[in-house]
Amino acid sequence: MSKSWLYAWGLASIAFGGASLVVPLYVVDLGGSPATLGTLAAVASAVGVPGALVFGRLADRTGRRRWFVLAAIGLLAATLAVLPALESIPAVIVANGVVWFAFASATPVVTLLAVAGAPEDAWSERIGELNEYQGIGWALGLLLGTVWIGIAVRLGDASGIRSFLSALAVLAAAGLVASVRWLPADAESAEVSPRRLRRALRRANRFSVRAATFPFAVGRADYRRLHPERSAERFTPTLALYFVAVTLFFTGFSAFFAPLPAYLTDVGVGSEGVFALYLVSSVASAVLFERAGELSGRRDPMSLQVAGLAVRGVAFPLVAVVGAVLGASVLGLVAAGVVFGVIGFTWAVIAVTAGTLVTRLSPTSIRGEALGVYAALSALAGAGGSVIGGALAATSYELGFGVAGGLVLVGAAGVLRLRRRVRREDEAGRRDEESRRDENRV
């Protein structure tokens, strides 16, 4: 996989990363309420899984993977170019849905292109490298937003948001031009086995900064053979219980993040400050991710996840406490940065342990599909959580963030209960094994 190919997708990722936050801020600038932001995030989440399913399967059937990626990047560039001219909030919500449909649609196809023509033992490395470039691009989008809007406001631009959207459109167009030149040709692609690709996705469990602060966006997974009803028939009770917990805590994640830009704006944090706080959270996650992976390998991943969820559940309402007590003062911004850093750290722990737990709790025959169901559930829970969080925050931010934290804590309690159940089953299994050994000796 050539570096130029990765740079081309990285340019598009900068545009996606910047758009992920500037569009919600644009809605706030147009007078949108927290409930409006909940709708914005819910629509973005709802289009994710269908987009990934449709594009992934069409790319398989036609074999024209390169053209589907080009179409997604072209759709991104065109939508970002139109956005600054939109004055209607419903129109912006629709445009934002188009942006995230493009992202979700491109994600599985880009993964297929990454492994095309490579031996299977190199797939994990290629997917990991792709995730790395995408994650760096996403973070650069947040960094660029911090710098661009800060400078634009000081130069007399009222908010800097429209000009930043235009800049992102230019970056997306540059990514499209680079992709036209450097994306691997379809003729170079060999048929990729879905089962083997799922194994590679599990092995290449590299972190993306995107999910640290935007949990409602669809994750990287192989959706092409995803059949939730068939998989559900073979779910074990422990896996089903874990998916209930996943639904609860991802609902809480989105209930917090969906109205967050409106809250930060209301307490006086400027748009560049909002970008900076999100960037702090994303970088904190990236820094801890490898360490979290090492801890997960040495210690009980369920215990680690319970701890991460518990800390995150407390941190969500703490954001409202910091805002109410300290506001947008220098001390307040520093305190908010610390809390956002903690939120980022906890995501690294949760992300690493979640993939491990789904794999361990799943029957071998459906592990790949179970990971797909996990990604789909997180996106769908994000849609519901966004609506809930936006509606509650429209009444009271403290109430909204408190409920969001409560949902995460209930999810943590579910994982803790599951941990105890698994331990009892393991102990029972060991006793049965010892009994069989004693009988054999006799």
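How each quantity is defined
Residues numbered from 1 in each chain as written. Predicted model: local features only at pLDDT ≥ 70, side-chain atom pairs only at ≥ 80, totals over all residues. Heavy atoms only, no water. Helix = DSSP H or I, 4+ residues; strand = E, 2+ residues; numbered from the N terminus. Buried < 20%, exposed > 50% of the residue type's maximum accessible area, 1.4 Å probe, protein only. Contact = heavy atoms within 4.5 Å. Areas by Shrake-Rupley, 256 points an atom, 1.4 Å probe, with all protein chains shown as cover. Phe/Tyr/Trp six-rings, centres within 6.5 Å; stacked < 30°, edge-to-face > 60°. Axes fitted to C-alpha atoms, helices over the stretch in contact; angles between N-to-C directions. Parallel < 35°, antiparallel > 145°, perpendicular 65-115°, else oblique. Left-handed = near helix turned anticlockwise from the far one by under 90°. Nonpolar A, V, L, I, M, F, W, Y, C, P; charged D, E, K, R; others polar. Core = buried A, V, L, I, M, F, W, Y, C linked by side-chain atoms within 4.5 Å. Domains from an automatic or database assignment. Expected span 1.5 Å × (residues − 1). Salt bridge = Lys/Arg side-chain N within 4 Å of Asp/Glu carboxyl O. Patch = residues over 30% accessible without salt bridge, like charges linked within 9 Å, V, L, I, M, F, W, Y side chains within 5 Å.

Here we take up the overall build of the protein. When helices and strands are counted, the protein shows 17 helices and 0 strands. Taking all 442 residues of the protein together, the buried fraction comes to 57%. When contacts within the protein are restricted to residue pairs at least 6 apart in sequence, long-range pairs at least 24 apart make up 87% of them. A total of about 17,600 Å² of accessible surface is found on the protein, and carbon and sulfur atoms cover 62% of it.

Moving on to the packing of aromatic side chains. Considering all chains together, one arrives at 25 aromatic pairs under this definition. Here Phe164 and Phe275 contribute two aromatic rings whose centre-to-centre distance is 5.6 Å and whose plane-to-plane angle is 90 degrees, an arrangement assigned as edge-to-face. Residue Phe164 is found in helix H7 (residues 161-182), and its partner Phe275 is found in helix H13 (residues 271-298); the two are separated by 111 residues along the sequence. Accessibility expressed as a relative area gives 0% for Phe164, which makes it buried. The class of Phe275 is buried, set by a relative accessible area of 0%.

Viewed as axis vectors pointing N to C, helix H1 (residues 3-29) and H13 meet at an angle of 140 degrees, and their least axial separation amounts to 11 Å. It follows that H1 is oblique to H13 by the angle criterion. Judged by the twist between their axes, the crossing of H1 over H13 is right-handed. When H1 is examined against H13, the residues Gly18, Leu21, Val22 and Leu25 are found in contact with a partner set consisting of Ser271, Val274, Phe275 and Tyr278. Residue classes in the contact of H1 with H13 are distributed as 6 nonpolar, 2 polar and no charged.

This part is about the nonpolar core. With 115 residues, the main nonpolar core has Leu80, Tyr242, Phe249 and Leu260 as its most contacted residues. Mapping this core onto the domain boundaries places at least three of its residues in each of domain 1 (1-183) and domain 2 (231-441). Apart from residues no more than four positions distant in its own chain, Leu80 is found in contact with Ala15, Ala19, Leu165, Leu168, Ala169 and Ala172.

Compared with an ideal rise of 1.5 Å per residue, which puts 22 residues at 32 Å, H7 spans 31 Å between its outermost C-alpha atoms and is within 8% of the ideal. Listing the buried residues of H7 in full gives Ile161, Phe164, Leu165, Ala167, Leu168, Ala169, Ala172, Gly175, Ala178 and Ser179.

Taken N-terminus to C-terminus, the directions of helix H4 (residues 65-82) and H7 make an angle of 160 degrees; their axes are 8 Å apart at the nearest point. The angle between the axes of H4 and H7 places the two elements in the roughly antiparallel class. Here H4 and H7 pass one another in a crossing that is left-handed. Where H4 abuts H7, its residues Arg66, Leu70, Ile73, Gly74, Leu76, Ala77, Leu80 and Ala81 lie against Leu165, Leu168, Ala169, Ala172, Ala173, Gly175, Leu176, Ser179 and Val180. Here the contact of H4 with H7 is built from residues that sort into 13 nonpolar, 3 polar and 1 charged.

Our focus in this paragraph is the side chain of Asn96. In this structure, Asn96 sits in helix H5 (residues 89-115). Apart from residues no more than four positions distant in its own chain, Asn96 is found in contact with Val23, Leu40 and Ala44.

On to the environment of Gly400. Within the secondary structure, Gly400 sits in helix H17 (residues 397-441). Considering only alpha carbons, one finds Gly400 and Pro259, 141 residues apart in sequence, at a separation of 8.7 Å. Look past the residues within four positions of Gly400 in its chain and what remains in contact with it is Leu392 and Ala393.

With that settled, the discussion passes to the environment of Val319. Inspection of the secondary structure puts Val319 in helix H14 (residues 301-326). Taking the C-alpha atoms as reference points, Val319 and Leu260, 59 residues apart in sequence, are found 9.5 Å from one another. Setting aside anything within four residues of it in sequence, one finds Val319 in contact with Phe256, Leu260, Tyr263, Val339, Phe340, Ile343 and Phe401.

Turning to the pattern of salt bridges, a few remarks are in order. A complete count under the given rule lists 3 salt bridges for this structure. Taking the shortest distance from any N to any O, the salt bridge between Arg154 and Glu272 comes out at 3.8 Å. Placement of the pair is Arg154 in helix H6 (residues 123-154) and Glu272 in helix H13, with a sequence separation of 118 residues. Residue class for Arg154 comes out exposed when judged on its relative accessible area of 64%. With a closest N to O distance of 3.0 Å, Asp300 and Arg419 form a salt bridge. Here Asp300, found in the loop between H13 and H14, pairs with Arg419, found in helix H17; they are 119 residues apart in sequence, far enough to count as distant. A relative accessible area of 28% means that Asp300 is categorised as partly exposed.

Moving on, we get to a nonpolar patch on the surface. Together, Ile136, Leu140, Leu143, Val147, Ile151 and Leu155 give the surface a local cluster of nonpolar side chains, amounting to about 560 Å² of exposed area. Secondary-structure assignment places Leu155 in the loop between H6 and H7.

Moving on, we come to the environment of Gly344. Tracing the backbone shows Gly344 in helix H15 (residues 330-361). Each C-alpha atom of the pair Gly344 and Val287 lies 9.3 Å from the other, and the pair is 57 residues apart in sequence. What Gly344 contacts, discounting residues up to four positions off in sequence, is Ser281, Ala284 and Ser285.

Right, let's get into the side chain of Ser271. As for its position among the elements, Ser271 is in helix H13. Accessibility expressed as a relative area gives 17% for Ser271, which makes it buried. In this view, Ser271 contacts Leu25, Ile149 and Ile161; residues no more than four positions away in its chain are not counted.

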